[in-house]
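Spelled out from the first residue to the last, the chains are:
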Amino acid sequence: MCPSKRTRKNASAMKLVGALVAEFRAAAGLTQSELGQRVLLHTEMIGSIEQGRRPLKPDLARALDDLLETKRALQTAVANMPDVDLIPAWAEEYMDLEREAIALSWFENQVLPGLLQTENYARAVFLSKVPAMSEDEINAQVAARLERQEILHRKEPPTISFVIAEAVLMDRIGGDEVFREALQHLRRCADLPGLALQIMPVGLKQHAALDGPFTLVETPDHQHLGYTETQRGSHIISDPDEVSILAQRYAMLRTQALNTEDTKGLLDRWLGEQ
């Protein structure tokens, strides 16, 4: 099954700008790879922009106008796009990478990873947001989160490793019924092919990721990236040295966490006590 694509409002504007980029690139006699090398971007990102799946940012539009000698055509197009297309959806760049990844490694210590949340748990997470979100916004965010989970059920799913802090399971986001449903779902996910789930127990004397949660991504052409979130934003990490540090931390986390079978046993005990 092919990855599903999210449809954004005013997506036609993004497709139009992407088509302009493709047209100007071809007129300059450059391939996507060659253009990417000139502006220090991965070929996959150039392709996503040209297909209208990723917005063209103002700084990149300026660089492309200079490189392709297009007399500010791309800058003008970006400056006059609808606001919804100028402001990317939440973590949109990461979700594009996630959808196409061949491997993911995810450490979480605050909530269950989005790929493992039930509908009710996801709704409870968004209901906890401050300032409060509207019902329509919550419905849209929940739908988008559930749509992402398609990658877990593909005929050939990516290889995914999760390390989740046990403290996440001690919180009862949404209440007891939502919590039990979330645990049951987590236990089912633990048996999915290609998925490794490990719980990081409380009470450790050492912890390799005290700086917080992060995700590692391997793209189809084996580029390794990192992803982190803050209170008001998110960050894709492409520097090989920085990605290596995160990979080292994740490797250590996996040795500190319960193994997959002990994790299943812990979840079974938690469910038996409910």
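Residues numbered from 1 in each chain as written. Predicted model: local features only at pLDDT ≥ 70, side-chain atom pairs only at ≥ 80, totals over all residues. Heavy atoms only, no water.

(A) Representation of the overall build of the protein. The helix and strand tally for the protein stands at 13 helices and six strands. In terms of C-alpha radius of gyration, the protein reaches 21 Å, essentially the compact-globule figure of 19 Å for 274 residues. In terms of its C-alpha atoms, the protein occupies a principal-axis envelope of roughly 65 × 40 × 35 Å. Buried residues in the protein amount to 46% of all 274 residues. Contacts in the protein between residues far apart in sequence, at least 24 positions, make up 74% of those at least 6 positions apart. A total accessible area of about 14,700 Å² is found for the protein, and carbon and sulfur atoms account for 52% of it. Between the centroid of the 30 positive side chains of the protein and the centroid of its 40 negative side chains there is a distance of 1 Å. (Helix = DSSP H or I, 4+ residues; strand = E, 2+ residues; numbered from the N terminus. Rg over C-alpha atoms; globule rule 2.2 N^0.38 Å. Buried < 20%, exposed > 50% of the residue type's maximum accessible area, 1.4 Å probe, protein only. Contact = heavy atoms within 4.5 Å. Areas by Shrake-Rupley, 256 points an atom, 1.4 Å probe, with all protein chains shown as cover. Lys, Arg positive; Asp, Glu negative; His and termini not counted. Charge placed at Lys NZ, Arg CZ, Asp CG, Glu CD.)

(B) Looking closely at the pattern of salt bridges. With the rule as written, the count across this model stands at 11 salt bridges. Here Asp191 makes a salt bridge to Lys264, at a shortest N to O gap of 2.9 Å. Of this pair, Asp191 sits in the loop between α11 (176–189) and β3 (195–200) while Lys264 is found in helix α13 (residues 260–273), placing the two residues 73 residues apart along the sequence. With a closest N to O distance of 3.3 Å, Asp211 and Arg249 form a salt bridge. Here Asp211 is found in the loop between β3 and β4 (214–218), whereas its partner Arg249 is found in helix α12 (residues 240–256), with 38 residues between them in sequence. When its relative accessible area of 68% is taken as the criterion, Asp211 is described as exposed. One continuous salt-bridge network, built from bridges that share partners, spans Arg187, Asp191, Glu261, Lys264 and Asp268. (Salt bridge = Lys/Arg side-chain N within 4 Å of Asp/Glu carboxyl O.)

(C) Structural context of the nonpolar core. Residues Leu116, Phe162, Ile164 and Leu197 are the most contacted members of the largest nonpolar core, which totals 37 residues. With six residues, the single largest contributor to this core is α11. Discounting residues that sit within four places of it in the chain, Phe162 has contacts with Trp106, Pro113, Leu115, Leu116, Leu195, Ala196, Leu197, Gln198 and Tyr250. (Core = buried A, V, L, I, M, F, W, Y, C linked by side-chain atoms within 4.5 Å.)

(D) Local environment of the side chain of Gln256. Looking at the secondary structure, you find Gln256 in helix α12. The contacts of Gln256, once residues within four sequence positions are left out, are Met200, Pro201, Leu204, Gln206, His207 and Ala208.

(E) Just the sheet that holds strand β2 (residues 159–165), in detail. Read across the sheet, six strands follow the order β3-β2-β1-β4-β5-β6 without closing on themselves; strand pairing throughout is mixed. Of all strands in the sheet, those with a lone pairing partner are β3 and β6 (233–237), marking the two edges. Here the strands of the sheet are splayed against their neighbours by 15 degrees on average, with no regard to which way each runs. Bridge count for strand β5 (residues 224–230) against β6 is five bridges, and the pairing is antiparallel. Within β6, the position partnered with Gly226 by the bridge is Ile237. With respect to the sheet, helix α7 (residues 92–100) is in contact with β1 (103–108), β4, β5 and β6, its orientation differing from that of β1 by roughly 130 degrees. Against the sheet, α12 contacts β1, β2, β3, β4, β5 and β6, and its axis sits at roughly 110 degrees relative to β4. (Pairing = 2+ DSSP bridges. Axes fitted to C-alpha atoms, helices over the stretch in contact; angles between N-to-C directions.)

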